[in-house]
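Okay, here's what each chain looks like letter by letter:
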Amino acid sequence: FKKVVASQPNIYTFRTGFADMLNWLYDFDSSYADLAENELKAAAELSPNRQSTYHLWAKVKRNRGDTEAALVYIKKSIALDPQATPPHFYHSILLFDAGRNDEAYKELKTAVALGWQPQDHNEARVIGAFLADTGRYDEAIDYFRKALAIDADDDEARIKLGLSYYFLGKFEPAKQYIQEVISKM
């Protein structure tokens, strides 16, 4: 990908695509965050005030553990198009990360009202976990069920679904979902 960017350095989408890929590889080598930020700076020079640039920058900052900087970037992304759902969803994740649960919940509701739906089982499970962690077990159950509808083999979602039922005092479904996972061990 680096060769593609080098061969066409003035194409914005090559730069942001490379930055996004580097961000995904951050867990393997944290120095990729520096490279990702350099690509985003170049992309911003080529095409200033693009929502996707700020959104990606927020992700890089989150990977680096700088939630406050990530919040600044995601707010810039939202300001450019308040009707776009991905930035509102990601804003809710950042707010949950920061322990600002009431704000996070409100932002999640905004994303949902604008039409956001989980793109994969991981998104559904993560939102379910945040909701469960804040005591919103009925809503958490909905997201854990969505995770399982997307990927029936998501045992983490299945366990968390069982635990959510348990904390609501619904012991039969709790037992069922937890036993399904235990039986696979």
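A few points on the structure. (Residues numbered from 1 in each chain as written. Predicted model: local features only at pLDDT ≥ 70, side-chain atom pairs only at ≥ 80, totals over all residues. Heavy atoms only, no water.)

## Examining the overall build of the protein
Phase 1 of the analysis: Each helix and strand counted, the protein has 11 helices and zero strands in total.
Phase 2 of the analysis: When the elements of the protein are put in sequence order from the N terminus, they spell out α-α-α-α-α-α-α-α-α-α-α.
Phase 3 of the analysis: Seen along its three principal axes, the alpha-carbon backbone of the protein occupies a region of about 60 × 35 × 25 Å.
Phase 4 of the analysis: Residues counted as buried form 43% of the 185 residues belonging to the protein.
Phase 5 of the analysis: In the protein, the share of contacts with a sequence separation of at least 24, taken over all contacts with a separation of at least 6, comes to 48%. (Helix = DSSP H or I, 4+ residues; strand = E, 2+ residues; numbered from the N terminus. Buried < 20%, exposed > 50% of the residue type's maximum accessible area, 1.4 Å probe, protein only. Contact = heavy atoms within 4.5 Å.)

## Side note on unusual backbone geometry
Phase 1 of the analysis: Positioned with a positive phi, asparagine 49 is a non-glycine residue whose angle comes to about 55°.
Phase 2 of the analysis: For asparagine 49, the position within the fold is in the loop between α3 (32–46) and α4 (51–63).

## Some details on the environment of glutamate 45
Phase 1 of the analysis: Mapped onto the fold, glutamate 45 is located in helix α3.
Phase 2 of the analysis: C-alpha separation for the pair glutamate 45 and asparagine 10, spaced 35 residues apart in sequence, amounts to 9.6 Å.

## Here's the deal with α3
Structural remark: α-helix, 3.6 residues per turn; residues separated by three or four positions point the same way.
Phase 1 of the analysis: Here α3 is 15 residues long and its end C-alpha atoms lie 21 Å apart, about the 21 Å a rise of 1.5 Å per residue gives.
Phase 2 of the analysis: Buried residues along α3 sit against α1 (2–7), α2 (12–24) and α4. (Expected span 1.5 Å × (residues − 1).)

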